[in-house]
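This is what each chain is made of:
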Amino acid sequence: MRQAVAEKTMLGQQVGDIINQGCLVPDELIISVIEERISRTDCDNGFILDGFPRTIEQGEALERVLPESVDVVIYFNVSSEAVVARLAGRLTCRKCGAVYPNMDPSLCSACGGDLYQREDDMKSTVLRRLRLYEEHTKPLVAFYRDKGKIAEIDGQGSVEEIAQRVEEGIAQVLA
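Residues numbered from 1 in each chain as written. Predicted model: local features only at pLDDT ≥ 70, side-chain atom pairs only at ≥ 80, totals over all residues. Heavy atoms only, no water.

Caption draft 1: Layout of the packing of aromatic side chains. Summed over all chains, the structure comprises one aromatic pair. Geometrically, the ring pair formed by F143 and Y144 is edge-to-face, given 4.9 Å between the ring centres and 85° between the ring planes. In this structure F143 comes out as buried when scored by relative accessible area, which is 15%. On the accessibility criterion, Y144 (1% relative accessible area) is buried. Residue placement shows R94 over the ring face of Y116; its charged tip is 4.2 Å from the ring centre. (Phe/Tyr/Trp six-rings, centres within 6.5 Å; stacked < 30°, edge-to-face > 60°. Buried < 20%, exposed > 50% of the residue type's maximum accessible area, 1.4 Å probe, protein only. Lys NZ or Arg CZ within 6 Å of the ring centre and 35° of its normal.)

Caption draft 2: Highlighting the pattern of salt bridges. Counting across every chain of the model gives nine salt bridges. Notably, a salt bridge pairs R90 with D121, separated by 2.8 Å at the nearest N-O pair. Here R90 is found in the loop between helix 5 (80-88) and strand 2 (91-93), whereas its partner D121 is found in the loop between strand 4 (115-116) and helix 6 (123-146), with 31 residues between them in sequence. Across the pair, exposure class does not vary: R90 and D121 are buried alike. In this structure, the salt-bridge partner of D120 is R118, at a minimum N-O distance of 3.0 Å. R118 shares its class with D120; the two are buried. When salt bridges with common partners are traced through the structure, they connect R90, R118, D120 and D121 into a single cluster. (Salt bridge = Lys/Arg side-chain N within 4 Å of Asp/Glu carboxyl O. Helix = DSSP H or I, 4+ residues; strand = E, 2+ residues; numbered from the N terminus.)

Caption draft 3: Spatial organisation of helix 4 (residues 56-65). When helix 4 is considered as a whole, its buried residues turn out to be Q58, G59, A61, L62 and E63. Buried residues along helix 4 sit in contact with helix 3 (27-38) and helix 6. (Contact = heavy atoms within 4.5 Å.)

Caption draft 4: Looking closely at the nonpolar core. V15, V25, I30, F52, Y144 and I150 are the most contacted members of the largest nonpolar core, which has 23 residues in total. The set of elements that each furnish at least two residues to this core consists of helix 2 (10-20), helix 3, helix 4, strand 1 (73-77) and helix 6. With six residues, the top contributor of residues to this core is helix 3. Apart from residues no more than four positions distant in its own chain, I150 is found in contact with V73, Y75, V141, Y144, R145 and V173. (Core = buried A, V, L, I, M, F, W, Y, C linked by side-chain atoms within 4.5 Å.)

Shown next as structure tokens:
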């Protein structure tokens, strides 16, 4: 989605306006963005979707467009408090896009660029997104659980601990 926004296509501009308001992108628009993206040759041997689908309707649409394309869904189980702390505390480099979680450096250590807080990372926007998640996205967990495709991962801990849990969860689903 961010790539579509950065490319400033007509779809990307529509998506950007909606994301910056902290709202969910309508299904028909996100499906169009996804269809366009996965039709590119770099997806011929597979792809990872990050944050999509977000609703049962999107999951069903993905099954219609690309039947049996989903092998594993990784669901990170994290408390709402931790989500707010992580997202509302991060800064992004205007120049290279590097993200600094829960820190307040003055400049990007990767390129020296200016850091800022994106609109969709502000606490009020994060809280709104969490309410939308409960209403629209959380039911998707059961959708994929019923298909036997979900790896539920405890998303708290070190990067190494979580990575190990992801590998184990994927192996269990694919077994």
